[in-house]
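Here is what each chain is made of, one letter per residue.
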Amino acid sequence: MTTDAAPSLAAWSASGGYNPAMSTQDSNRLPTPVAPLELAEFETKLSVRNLRQEDFDSIVRIQERSFPGMATWDSEQIRSQLCIFPEGQFCVEYDGQIVASASSLIVDFEQHENWHDWKAISDSGYIRNHDALGDTLYGIEIMVDPDFRGLKLARRLYEARKNLARSRNLRRIIIAGRIPGYGAHADEMSASQYADHVVAKKLFDPVLTVQISNGFALRGLIPDYFKSDTDSRGYATFLEWTNLDHVKDSNQRLQAVTRVRLCLVQYMMRRVTSFEEFARQCEFIVDVGSDYKSDFVVFPELFTTQLLSLIESGRPSVAARRLAEFTPQYLELFNDLAIRFNVNIVGGSQFAVEGDDLFNISYLFRRDGTIGKQYKIHITPNESRWWGVSAGNRVEVFDTDRGKVSILICYDSEFPELARIAAAKGAKILFVPFNTDERYGYLRVRHCSQARAIENQMYVAIAGCAGMMPFVDNADMHYAQCAVLTPSDFPFARDAVASESMPNIETVVVHDVDLELLRRNRTDGTVRPWTDRRKDLYSVRYIDPDLGPQEV
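The present account deals with the structure reproduced in this document. Note that the structure is a prediction, hence the values are computed from the model and not measured.

1. Some remarks on the pairing of strand β13 (residues 371-375)
(1) Moving on: Both strand β12 (residues 357-365) and β13 contribute to a ladder of five bridges, which runs antiparallel. The residue bridging I361 from the neighbouring strand is Y375, located in β13.
(2) Moving on: Taking the residues that link successive antiparallel strands as the turn, the β12-β13 hairpin has five residues, and the phi of G369 there is positive, at about 95 degrees.

This is the structure:
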């Protein structure tokens, strides 16, 4: 019996491969090779990553879909979160689209009692109270786009938080979650009964059930957490996940964690024969501060009036504007000193003409080469009458390599609202360069600065001029005593004065302040003037030139 021989592979390929219309004879041939499937066409790219500022629009879209009717993040809140604690902000990306996100910060568990107050713990979403040395990761929000629920995306975000807690050796994660399913049962049971039913798996809640399945334990209920959350009837759950890998650091509580060294200059006013002579004096002082490894060197207000000895006497208002002509040289000098001696310098203050106006400005020269400035806001009668100084209108808070600081020039320290605004913006150290001609004026600055330290539980460092400048109008006499002032409580120095100079001599005061003590005093001090403000009764309202009316 004869049979058809199988064709060669070459012949089979040449014939065009398998054809269903082939005869029975042809059906015995090998099938035509087909190109391998492109698996990329079938893949879904899903990843958990940290948020970026450009993700803002996607985050708002998810919020609007996840929590209809509730306020969404604004761009400043996201920017603040990413600036302060970027590794704590996560999102899930699905084929290039952001479909879920989670936000968090680190706090010290022992320093928080009001877990019911989302705004206080999260700083209204800005997380400026983030404590890198804390022991607890606090989740302020987690959300999943409704079209992508059922993919266990929340589990991925919770795992990212857990991994972060393990890597940072944190004790726990605390979250306050919605119970959106409660609204449908509110007429038939209490919130606690509903929560018990969900824990017992008798009822399903789209949020609480997921949290429990991810290892969180229900610790309680928080009423009025989000009053606008009608589905949850304002309730939230208080849940905790414990990091079993946490290793306790027995020495952590015994160490001064954040040391900042201050060098305050009690500057001796004397006549000079050139700007170069003035510059040599300043360089010597900065060199001394640098030798002591200071973080800040603080000069007095208008110590630059020493340069009036180079200007022909005339009307004080004319002399002040002549003094402002030295400002470019002054800026170049102190910017160079800050970089060369690796120290941040509060350059006292100096006159500057902007437009037709004369301002008294304190400049902050950072050791990274950047410069900030604070205008004097309140002008004394003599400054106005003799020199024609105009007033500034903004309280600045400066970011530095040793935390947030603020500057109030002399008379400004006598207005408590300004320090309150600075503290609300995050300042922990307030510098007060001053220039007073006799003891009464000095004591006004001294006592008011002490009050600012106590009211706001912050450090206040004051630095002034000593000596005399004969025949220099409104700058001829000086009285000063430099000091580092603290809150008045057990962790700080006796009399709430950390260090001070002898009055009216040429000297510097060098002292370390500990921001960790300050932080703890705000939360567990004998009294808490900053925390215990009755903002339901009163507040400080101010006009921000960029943001408009603000309250603190």
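2. Here's the deal with the pairing of strand β8 (residues 259-269)
(1) Moving on: Most of β8 sits inside the fold, with nine of its 11 residues counted as buried.
(2) Moving on: Inspection of the sheet shows β8 paired to strand β23 (residues 507-514) by eight bridges, in the antiparallel sense. Within β23, the residue paired with Q266 across the bridge is T507.
(3) Moving on: Pairing of β8 with strand β9 (residues 296-298), which is carried by three bridges, proceeds in the parallel orientation. Opposite L262, over in β9, you have F296 as the bridge partner.
(4) Moving on: Between the parallel pair β8 and β9, the chain is carried across by helix α8 (residues 275-291), and the sense of this crossover is right-handed.
(5) Moving on: Examined bridge by bridge, β8 and strand β19 (residues 465-468) share three bridges and lie parallel to one another.

3. Side note on the packing of helix α12 (residues 416-424) against helix α13 (residues 439-456)
(1) Moving on: Running from N to C, α12 and α13 point in directions that differ by 40 degrees, and their axes come no closer than 10 Å. Our classification of the angle between α12 and α13 gives oblique. When you trace α12 past α13, the crossing you get is right-handed. Residues P416, A419, R420 and A423 of α12 form the contact with α13, whose participating residues are R452, E455 and N456.
(2) Moving on: Taken together, the residues that form the contact of α12 with α13 break down as three nonpolar, one polar and three charged.

Calculation rules
Residues numbered from 1 in each chain as written. Predicted model: local features only at pLDDT ≥ 70, side-chain atom pairs only at ≥ 80, totals over all residues. Heavy atoms only, no water. Pairing = 2+ DSSP bridges. Helix = DSSP H or I, 4+ residues; strand = E, 2+ residues; numbered from the N terminus. Buried < 20%, exposed > 50% of the residue type's maximum accessible area, 1.4 Å probe, protein only. Right-handed = clockwise from strand over helix to strand, strands pointing away. Axes fitted to C-alpha atoms, helices over the stretch in contact; angles between N-to-C directions. Parallel < 35°, antiparallel > 145°, perpendicular 65-115°, else oblique. Left-handed = near helix turned anticlockwise from the far one by under 90°. Contact = heavy atoms within 4.5 Å. Nonpolar A, V, L, I, M, F, W, Y, C, P; charged D, E, K, R; others polar.

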